[in-house]
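Each chain is listed here by its residues.
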Amino acid sequence: MTVADELPETPEETEEPIKQRKNGLYPGVSDELAENMKSGWADTELHDLRPVPQAAETAARRAALSARFPGERLVIPAGNLKTRSNDTEYPFRASVEYAYLTGNQTEDGVLVLEPVSGGHEATIYLLPRSDRENGEFWLSGQGELWVGRRHSLTEAQKLYGIPASDVRELADKLREATGPVRVVRGYDAGIEAALTDKVTAERDEELRVFLSEARLVKDDFEIGELQKAVDSTVRGFEDVVKVLDKAEATSERYIEGTFFLRARVEGNDVGYGSICAAGSHACTLHWVRNDGPVRSGDLLLLDAGVETHTYYTADVTRTLPIDGRYTEIQKKIYDAVYDAQEAGIAAVKPGAKYRDFHDAAQRVLTERLVEWGLVEGPVERVLELGLQRRWTLHGTGHMLGMDVHDCAAARVESYVDGTLEPGMVLTVEPGLYFQADDLTVPEEYRGIGVRIEDDILVTADGNRNLSAGLPRRSDEVESWMAALKG
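Residues numbered from 1 in each chain as written. Predicted model: local features only at pLDDT ≥ 70, side-chain atom pairs only at ≥ 80, totals over all residues. Heavy atoms only, no water.

1. Quick notes on the overall build of the protein
Step number 1: A tally of helices and strands in the protein yields 17 helices and 17 strands.
Step number 2: Judged by the C-alpha coordinates and their principal axes, the protein covers about 80 × 55 × 40 Å.
Step number 3: Among the 486 residues that make up the protein, the fraction classed as buried is 49%.
Step number 4: Pairs at least 24 apart in sequence give 68% of the contacts found in the protein among residues at least 6 apart.
Step number 5: Put simply, the protein has 55 plus and 86 minus side-chain charges, and the middle of one group is 2 Å from the middle of the other. (Helix = DSSP H or I, 4+ residues; strand = E, 2+ residues; numbered from the N terminus. Buried < 20%, exposed > 50% of the residue type's maximum accessible area, 1.4 Å probe, protein only. Contact = heavy atoms within 4.5 Å. Lys, Arg positive; Asp, Glu negative; His and termini not counted. Charge placed at Lys NZ, Arg CZ, Asp CG, Glu CD.)

2. Looking at the UniProt feature "domain: Aminopeptidase P N-terminal" (unreviewed entry) in the protein
Step number 1: Annotation from UniProt places "domain: Aminopeptidase P N-terminal" (unreviewed entry) at residues 53-192.
Step number 2: Spanning residues 53-192, this segment combines 34% helix with 22% strand, and its end C-alpha atoms are found 31 Å apart. (UniProt positions renumbered as here; feature names shortened; annotations may be inferred.)

3. Section: the nonpolar core
Step number 1: In terms of nonpolar packing, the biggest core is built from 89 residues, with Leu65, Ile76, Ile255, Ile333, Trp372, Leu432 and Phe434 touching the most fellow members.
Step number 2: Counting residues per element, this core draws most heavily on helix H10 (residues 220-242), which supplies nine residues.
Step number 3: Of all hydrophobic cores here, the second largest spans 17 residues; its members include Phe357, Ala410, Leu426 and Val458. (Core = buried A, V, L, I, M, F, W, Y, C linked by side-chain atoms within 4.5 Å.)

4. Things to note about helix H13 (residues 328-346)
Each α-helix turn comprises 3.6 residues. Residues three or four places apart therefore point the same way.
Step number 1: The first and last C-alpha atoms of H13 sit 27 Å apart over 19 residues, in line with the 27 Å expected at 1.5 Å per residue.
Step number 2: Residues of H13 that are buried: Ile329, Gln330, Ile333, Tyr334, Asp335, Ala336, Val337, Tyr338, Ala340, Gln341, Gly344 and Ile345. (Expected span 1.5 Å × (residues − 1).)

5. Looking at the environment of alanine 64
Step number 1: Structurally, the position occupied by alanine 64 is in helix H2 (residues 55-68).
Step number 2: With 147 residues separating them in the primary sequence, alanine 64 and leucine 211 have C-alpha atoms 9.8 Å apart.

6. What about H2?
Step number 1: With 14 residues, H2 extends 20 Å from end C-alpha to end C-alpha; this agrees with the ideal 20 Å at 1.5 Å per step.
Step number 2: Those residues of H2 not exposed but buried are Ala55, Thr58, Arg61, Arg62, Leu65 and Ser66. Considered in projection along H2, the buried side chains sweep an arc of 140 degrees and stay on one side of the axis. The exposed residues of H2 that point more than 90 degrees off its buried face are Ala56 and Ala67. (Arc of directions from axis to C-beta.)

7. Comments concerning the sheet that holds strand S5 (residues 119-126)
Paired through their backbone hydrogen bonds, the strands of a sheet run either parallel or antiparallel.
Step number 1: The strand order across the open sheet built from five strands is S6-S5-S4-S1-S7, with neighbouring strands paired in mixed fashion. The sheet is open, and its two borders are formed by strand S6 (164-166) and strand S7 (181-183), each paired with just one other strand. Looking at each pair of strands side by side, their axes are set apart by 25 degrees on average, direction ignored.
Step number 2: Bridge count for strand S1 (residues 73-77) against strand S4 (residues 110-116) is four bridges, and the pairing is antiparallel. (Pairing = 2+ DSSP bridges. Axes fitted to C-alpha atoms, helices over the stretch in contact; angles between N-to-C directions.)

8. Overview of the packing of aromatic side chains
How two aromatic rings sit relative to each other is set out by the distance from centre to centre and by the angle between their planes.
Step number 1: Across all of its chains, the model carries eight aromatic pairs by this definition.
Step number 2: Taking 5.2 Å as the distance between ring centres and 85 degrees as the angle between the ring planes, the aromatic pair formed by tyrosine 354 and tyrosine 415 counts as edge-to-face. With tyrosine 354 in the loop between H13 and helix H14 (356-371) and tyrosine 415 in the loop between helix H16 (389-392) and strand S13 (425-428), the pair connects residues that are 61 residues apart, well separated along the chain. Both residues of the pair, tyrosine 354 and tyrosine 415, count as buried.
Step number 3: Here the aromatic residues Tyr354, Phe357 and Tyr415 are joined through ring pairs into a cluster of three or more.
Step number 4: Over the ring of tyrosine 100 we find arginine 61, and its NZ or CZ is 4.3 Å from the ring centre.
Step number 5: Its guanidinium or amino end placed over the ring of tyrosine 311, arginine 93 lies 4.2 Å from that ring's centre, counting from NZ or CZ. (Phe/Tyr/Trp six-rings, centres within 6.5 Å; stacked < 30°, edge-to-face > 60°. Lys NZ or Arg CZ within 6 Å of the ring centre and 35° of its normal.)

9. Some details on the environment of valine 243
Step number 1: With respect to the helices, strands and loops of the structure, valine 243 is situated in the loop between H10 and helix H11 (244-249).
Step number 2: As for valine 243 and threonine 258, which are separated by 15 residues in sequence, their C-alpha atoms are 8.1 Å apart.
Step number 3: The residues contacting valine 243, other than those within four sequence positions of it, are Tyr254 and Thr258.

10. Examining the packing of H13 against H14
Step number 1: Orientation of H13 relative to H14, taken along the N-to-C sense of each, is 150 degrees, at an axis distance of 7 Å. Classified by the interaxial angle, the pair formed by H13 and H14 is roughly antiparallel. Our pair here, H13 against H14, has a crossing hand that is right-handed. Between H13, through Asp335, Ala336, Val337, Asp339, Ala340, Ala343 and Gly344, and H14, the contact on the second element is made entirely by Phe357, Ala360, Ala361, Val364, Leu365 and Arg368.
Step number 2: Broken down by class, the residue content of the contact of H13 with H14 amounts to nine nonpolar, one polar and three charged. (Parallel < 35°, antiparallel > 145°, perpendicular 65-115°, else oblique. Left-handed = near helix turned anticlockwise from the far one by under 90°. Nonpolar A, V, L, I, M, F, W, Y, C, P; charged D, E, K, R; others polar.)

This is the structure in structure tokens:
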């Protein structure tokens, strides 16, 4: 931080004395300085704003929400800043439900759909620009001169196509509200407190489930954003391959930092904590410590995704030979996982059961485990008892979108027991993991973990691999790495 800890907090509207920070260097604000700071500023209102690119889509999503809950007030908060330590906060990310329905990403925002005849009227409640009359813009830690300019309410209305009001007035309005209300819980404690006697957990869960299921089928804007995320991710993987020698000289963190640079330059962030797992760390499914050594002769399991500025994330995994060539045992295991992924991808098509791609991939992996003598067959017995899971561990994929594990609140019958439709996007990511201390497998297998993951769009006639820009077959991976390093 710079000198933020030296300034007094924002004065209250009641003109109470300005509170001092315990160790602030300034004793207060003189009347002369306060008056000086009120004037001499140019008008910076933005007049030529165009709606955000997804404005038509967010309007359609609000219309579908309105049709589902006629006659009910619906409250969808963005969330608030979370303290990291003392007076520093984590980077803010708006709730998926709020961003999906508005396109807005600012903290403290709330979307309210008020029931009217024939549907709902939407209002987006936001913090207006910080006040120059009371000094908020330069005295508050969240004022304009400290954290940057907010859009005015007029600007916000132009951007998002929704009438905008001051969010500081919303809690009182909600306390006085009558009639049925639903709120998306878990993001804004103040808003929930204002509604505490008006909502029920069961009704609120129905709202959350609907908004989760609404994202199962992506519209054209969303598919385009997911492709952008994947394309940036492909470039991030190329960046990593080019610096593997530097990672060998340091640690997995060099890989993490390299990919993060691409994510921040071309997108909003990484979509989840990057898994940069070298050697036996590849056998830990969510290895995000990324503090281990990177050694020639080992494998690197890199599971990472760029998140776009609109919050859509890629989720791609490649398992790469750090020195550019797979050993015989590494290739044997890798090719088995590749064959399983091929079977899984082939099972992704409209009308198929969601579980089909998982079952297809697990069958191939089980056949190899039986063939290698690692588990006693027949294959049907192993699958029935789930014995292959000692080495396959996880499900073969999940829905993908604004969350890396998108649509997680959807009903089981709509998701894992559901049927694939065009517009759905999911990952296909089988893996084999032989733990370093697993005495049931030959020593040569131990410490090898392999996962291959791609992002697959269900199309009208089958599927499209959004991440096909990264090679998957073992010989193609080796050629690709050699070309990048060369």
